[in-house]
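Structural characterization, general
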Amino acid sequence: LELKEESTFAWRDVLEWGEPIRLANGLEWRAPQGGARAAVWYTTAAAQGFLGYAEAVRQLRAGVGAEGESALAEVRVGTRAALSGRTSRWVYPEGSLVGSASRVVVTETVLVPDGEGMYTARLRADKDAFEEAAPRGRRLLEQLYLGPPKPKAPPKQDTLIFYPP
């Protein structure tokens, strides 16, 4: 598969969900049948509101609730270590009585520390669609190349040496 380069990471289309939507410093893919979204983005340490990797981990830990530490897992994103947490929430359609109709949305968030900021990857889907989308999301994470693309080498040129007569 072709490696596609962005300003802060490179990726291969292992999701097969079509072209992604551009985000600020990232991309979002949407499953063609709906129900699932995957996104990857980079936040620089200089970004307004950026509180750092440690605070993001604290918020992720708080979001996973009672399971706490056991709900967090170390994963790999490309060649880097990352922390992953999964949360569920009940969504009630507008205008319906609480409890009369609901759906469960599962979100898996992966945080990757970087010297200049942090990468975030997120997979979100209805509970039924999540189990189907999760293996594709893991493949996306495994093949990501984090960091700016390497500069392309200049074209090779033959060197001509002129000797004085």
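Located above this text is the structure these notes cover.
Residues numbered from 1 in each chain as written. Predicted model: local features only at pLDDT ≥ 70, side-chain atom pairs only at ≥ 80, totals over all residues. Heavy atoms only, no water.

**Focus on the environment of Arg58**
Position of Arg58 among the secondary structure elements: in helix H1 (residues 53–63). Given a relative accessible area of 44%, Arg58 falls into the partly exposed group. Within the structure, the side chain of Arg58 is placed 2.8 Å from the side chain of Glu55, a separation counted as a polar contact. (Helix = DSSP H or I, 4+ residues; strand = E, 2+ residues; numbered from the N terminus. Buried < 20%, exposed > 50% of the residue type's maximum accessible area, 1.4 Å probe, protein only. Polar contact = N/O pair within 3.5 Å; in protein donor to acceptor, adjacent residues only side chain to side chain.)

**Focus on the pairing of strand S4 (residues 26–30)**
Counting buried positions along S4 yields 4 of 5 residues, so the element is predominantly enclosed. Direction of pairing for strand S3 (residues 21–23) relative to S4: antiparallel, over a ladder of 3 bridges. Paired with Ile21 across the two strands is Glu28, which belongs to S4. From the end of S3 to the start of S4, which pair antiparallel, there are 2 residues, and Asn25 there has a positive phi angle of about 60 degrees. Two elements, S4 and strand S5 (residues 36–44), share 5 bridges in a ladder whose sense is antiparallel. Opposite Gly26, over in S5, you have Trp41 as the bridge partner. Here S4 hands over to S5 after 5 residues, with Gly34 in that stretch at a positive phi of 80 degrees. (Pairing = 2+ DSSP bridges.)

**Overview of the sheet that holds S4**
Strands pair in a sheet through their backbones, by hydrogen bonds, and they do so in one of two ways: parallel or antiparallel. Strand order in the open sheet formed by 7 strands is S3-S4-S5-S9-S8-S7-S6, with antiparallel pairing between adjacent strands. For this open sheet the edge positions go to S3 and strand S6 (72–77), each flanked by a neighbour on one side alone. Here the average twist between neighbouring strands, direction ignored, is 25 degrees. Two elements, S5 and strand S9 (residues 117–126), share 9 bridges in a ladder whose sense is antiparallel. For Val40, the partnering residue across the bridge sits in S9 and is Ala121. Seen against the sheet, H1 touches S6, strand S7 (80–91), strand S8 (103–114) and S9 and runs at an angle of roughly 155 degrees to S8. Packed on one face of the sheet, helix H2 (residues 127–143) meets S4, S5, S6, S7, S8 and S9 and runs near 150 degrees to S9. (Axes fitted to C-alpha atoms, helices over the stretch in contact; angles between N-to-C directions. Contact = heavy atoms within 4.5 Å.)

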